[in-house]
Structures are given as C-alpha cells and as structure tokens.
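The chain contents come next:
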Amino acid sequence: MKFISLTSMIVSVAVMAGVATAYNPIGQSCDTPGGYGCSQDASVNGGNAFIYECASTDTFVYVAGCGCPTCCEATTSGAFCT
C-alpha cells in the first residue's frame, strides 16, 4: 500500500509540475483510471519524453512518444507533446 501511495505521489507531482520527469511508471499500479501524465526515461521511447495513462486495469500504460526529452506537458485536462 505504501508503494502505491508513493507512486501516486510521484505521478501527482509530475502532473502538477507539468513537465516530464525521469521516471518509468509503465506496468506499475495506479489508482486514478483515466489520468494522464508525462515522463522521461532512458529505457522508453529512445530516452525522449512520453505520455502514459492510468488504464482501467489499474496499471500505467504507454500512450504516445514525444520528440525530445522535455517535449511533454501534463495539465488537468490531460497530457500532450509540445
């Protein structure tokens, strides 16, 4: 349970900041289905930023890749590549 809370907190910080952070949530548990975020990790999308979603299965899934490491913005209405 503490792991899920920590994951949610990291995702919330990334969404509030509105920028990609070096973190790979893909495949990890989540508790806000339909929520989107941005992230960046060397092991995903060639090191460029990417958009992820908390799927209905309560796990984070890859949605789309962006063109550079800092080209993703998360807002209260979703996430998009810039």
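You'll find the structure just up there.
Residues numbered from 1 in each chain as written. Predicted model: local features only at pLDDT ≥ 70, side-chain atom pairs only at ≥ 80, totals over all residues. Heavy atoms only, no water.

### Remarks on the sheet that holds strand β2 (residues 49-54)
Inference 1: Taken in spatial order, the three strands make up an open sheet running β1-β2-β3, and their pairing is antiparallel. Looking at strand neighbours, the two that pair on one side only are β1 (36-40) and β3 (60-65), the edges of this open sheet. This sheet shows a mean twist of 35° between the axes of neighbouring strands, independent of strand direction.
Inference 2: As paired strands, β2 and β3 are joined by five bridges and run antiparallel to one another. Looking across to β3, one finds that I51 is bridged to A64. (Pairing = 2+ DSSP bridges. Helix = DSSP H or I, 4+ residues; strand = E, 2+ residues; numbered from the N terminus. Axes fitted to C-alpha atoms, helices over the stretch in contact; angles between N-to-C directions.)

### Structural notes on the environment of V44
Inference 1: By the secondary structure assignment, V44 is in the loop between β1 and β2.
Inference 2: Between the alpha carbons of V44 and I26 there is a distance of 9.2 Å; along the sequence they are 18 residues apart.
Inference 3: For V44, the contacting residues outside a window of four places in its chain are N24, F50 and Y62. (Contact = heavy atoms within 4.5 Å.)

### Examining the packing of aromatic side chains
Inference 1: Tallied over the full model, the rule gives three aromatic pairs.
Inference 2: Ring geometry for Y52 versus F60: centroids 5.2 Å apart, planes at 90°, classification edge-to-face.
Inference 3: Cluster of aromatic residues (ring-pair linked, three or more members): F50, Y52, F60 and Y62. (Phe/Tyr/Trp six-rings, centres within 6.5 Å; stacked < 30°, edge-to-face > 60°.)

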